[in-house]
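Residue-level structure breakdown
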Amino acid sequence: MERPSRQRQQERETERESDEETLSCPECDSTEIVTDADQELVCEDCGLVLDERNIDRGPEWRAFNHSERQSKSRVGAPITETMHDKGLTTTIDWKDKDAYGRSLSSEKRSQMHRLRKWQERIRTKDAGERNLQFALSEIDRMASALGVPRSVREVASVIYRRALNEDLIRGRSIEGVSTAALYAACRQEGIPRSLDEVADVSRVPQKEIGRTYRYISQELGLELKPVDPKQFVPRFASSLQLSEEVQSKATEIIDVSAEQGLLSGKSPTGFAAAAIYAASLLCNEKKTQREVADVAQVTEVTIRNRYQEQIEAMGFR
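In this report, the structure presented in the accompanying data block is examined. Per chain, residue numbering runs from 1 following the sequence as it is written. Per-residue local features are limited, in this predicted model, to residues with pLDDT of at least 70; the limit for side-chain atom pairs, both in listing and counting, is 80 or more; totals at the level of whole chains, interfaces and linings are taken over all residues. With hydrogens and water set aside, each side-chain value is computed from the structure's full complement of heavy atoms.

Some remarks on the overall build of the protein
The condition that has to hold: Secondary structure elements are defined from DSSP: runs of H or I of at least 4 residues count as helices, runs of E of at least 2 residues count as strands, and each element is numbered from the N terminus. When a residue's accessible area, from a 1.4 Å probe over protein chains only, is under 20% of the maximum for its type it is buried; when over 50% it is exposed; and in between it is partly exposed. Only heavy atoms matter for contacts: two residues are in contact if any of them lie within 4.5 Å across the pair. Surface exposure here means Shrake-Rupley accessible area, sampled with a 1.4 Å probe, where a residue is shielded only by the protein chains that are shown. By the counting rule applied here, Lys and Arg register as positive and Asp and Glu as negative, while His and the ends of each chain are not counted. Lysine's charge is taken at NZ, arginine's at CZ, aspartate's at CG and glutamate's at CD.
Within the protein one finds 13 helices and three strands. Over its C-alpha atoms, taken along the principal directions, the protein stretches across nearly 85 × 75 × 45 Å. The buried share among the 317 residues of the protein stands at 32%. Partitioning the contacts of the protein with sequence separation of at least 6, the portion at a separation of at least 24 is 58%. When the accessible area of the protein is evaluated, it comes to approximately 20200 Å², of which 46% is carbon and sulfur surface. The protein carries 48 positive and 55 negative side-chain charges, and their two centres are separated by 11 Å.

Rendered as structure tokens:
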């Protein structure tokens, strides 16, 4: 019986690799033979090309800009976790034009409208998929409002899917779990977003978000590290139009204060805001406590309390 073609191909590749391992250069007798980017066997010592297996595995067409590449490409978008069907279903464009860019007739437009309507209906086969579609759309909406990169949306979608598979959604609102998944993704990816900022773009109270976040973090074993206040410094300083010198000084203040144990139990946003306020005074780029508090979304009392502790830790009083 003839062996499968895939198995024969693997055997040929194994034989080829073994031949390459025992191959030596006829010029310098070196055994350092490598395969370069053009699929050519090259001696690493003298540069002699021993064998040319230049196989172009790219497309047969050429493109010189992004629009040409998009128009000539025959593949779709990559799989994404941000869609309930991972982007594998068929989509019908909302443009009422044919392949040549000409407008459709009224009869064809009516027909395409009905096709789109039924396409949207059959994309979700049951209530579970509809709930997942709603949750992922909520994550996408909140992520856009927070201005976080696409990688955070992908991670948040994966966390929500894991919570759904572990049956952690039962007894909780979809909005609460999706918001908690987004907050966990921001912390996991190192994107500084406070709980207050996430709650501002959500439709659920901050208390419910925090409670749900702690629950899914414990059940899924996310093991997220505490938020570092230094992650907030560049964003707050940029909003206040402060220089790099102020940012460096604020980072130094946070490091010295943390070494003395002042960070334990304190809000990272308030701690970062106080460090920026102190650094702005030390670098003669003074900002008022009200300005810093508005950017960091904390109270002026918090900044004053943390500021006094940090100044004493730096040894200025």
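Next comes the rest of the account.
With respect to the pattern of salt bridges
Cut-off, in case you're wondering: A side-chain nitrogen of Lys or Arg and a carboxyl oxygen of Asp or Glu constitute a salt bridge if their distance falls within 4 Å.
Across all of its chains, the model carries 15 salt bridges by this definition. In this structure, the salt-bridge partner of Lys-86 is Glu-81, at a minimum N-O distance of 3.8 Å. Of the charged contacts in the structure, one is a salt bridge between Asp-167 and Arg-170, with a shortest N-O distance of 3.2 Å. Exposure remark for Asp-167: the relative accessible area of 44% places this residue in the partly exposed category.

Brief notes about helix α12 (residues 289–296)
Our working rule: Think of the arc as the fan of directions from the helix axis to the C-beta atoms.
What α12 keeps buried is the set Gln-289, Val-292, Ala-293 and Ala-296. Projection of α12 onto a plane perpendicular to its axis shows the buried side chains occupying an angular sector of 100 degrees, all on one side. Where α12 is buried, its residues contact α9 (233–239), α11 (268–282) and α13 (300–314). Gln-297 sits one or two residues past α12 and shows a positive phi near 60 degrees.

Remarks on the environment of Leu-115
Its location among the elements puts Leu-115 in helix α3 (residues 106–122). The sequence separation of Leu-115 and Ile-92 amounts to 23 residues, and the corresponding C-alpha distance is 8.1 Å.

What to know about the layout of surface pockets
Going by this rule: Put simply, the grid is 1 Å and covers the protein atoms alone, a cavity is a trapped set of points that fit a 1.4 Å probe, a pocket is an open set with protein on both sides within 12 Å along at least five of seven lines, and lining residues have an atom within 4 Å of a point. Grid points are joined across faces, edges and corners, and a volume is the space filled by probe spheres set on the points. Residues were grouped as follows: Ala, Val, Leu, Ile, Met, Phe, Trp, Tyr, Cys and Pro as nonpolar; Asp, Glu, Lys and Arg as charged; and all remaining residues, including Gly, as polar.
Its volume calculated, the largest pocket comes out at about 420 Å³. Among the secondary structure elements, those contributing two or more residues to the lining of the largest pocket are α6 (174–188), α7 (195–201) and α11. Of all the elements, α6 adds the most residues to the lining of the largest pocket, at four residues. The residue makeup of the lining of the largest pocket, split by class, is 12 nonpolar, nine polar and seven charged. Taken as a whole, the second largest pocket spans an internal volume of roughly 190 Å³. Together, Ala-77, Pro-78, Thr-80, Met-83, Asp-85, Gly-87, Thr-89, Thr-91, Arg-123 and Arg-150 line the second largest pocket. A per-class count over the lining of the second largest pocket returns three nonpolar, four polar and three charged.

Keep in mind these values describe shape, not function.
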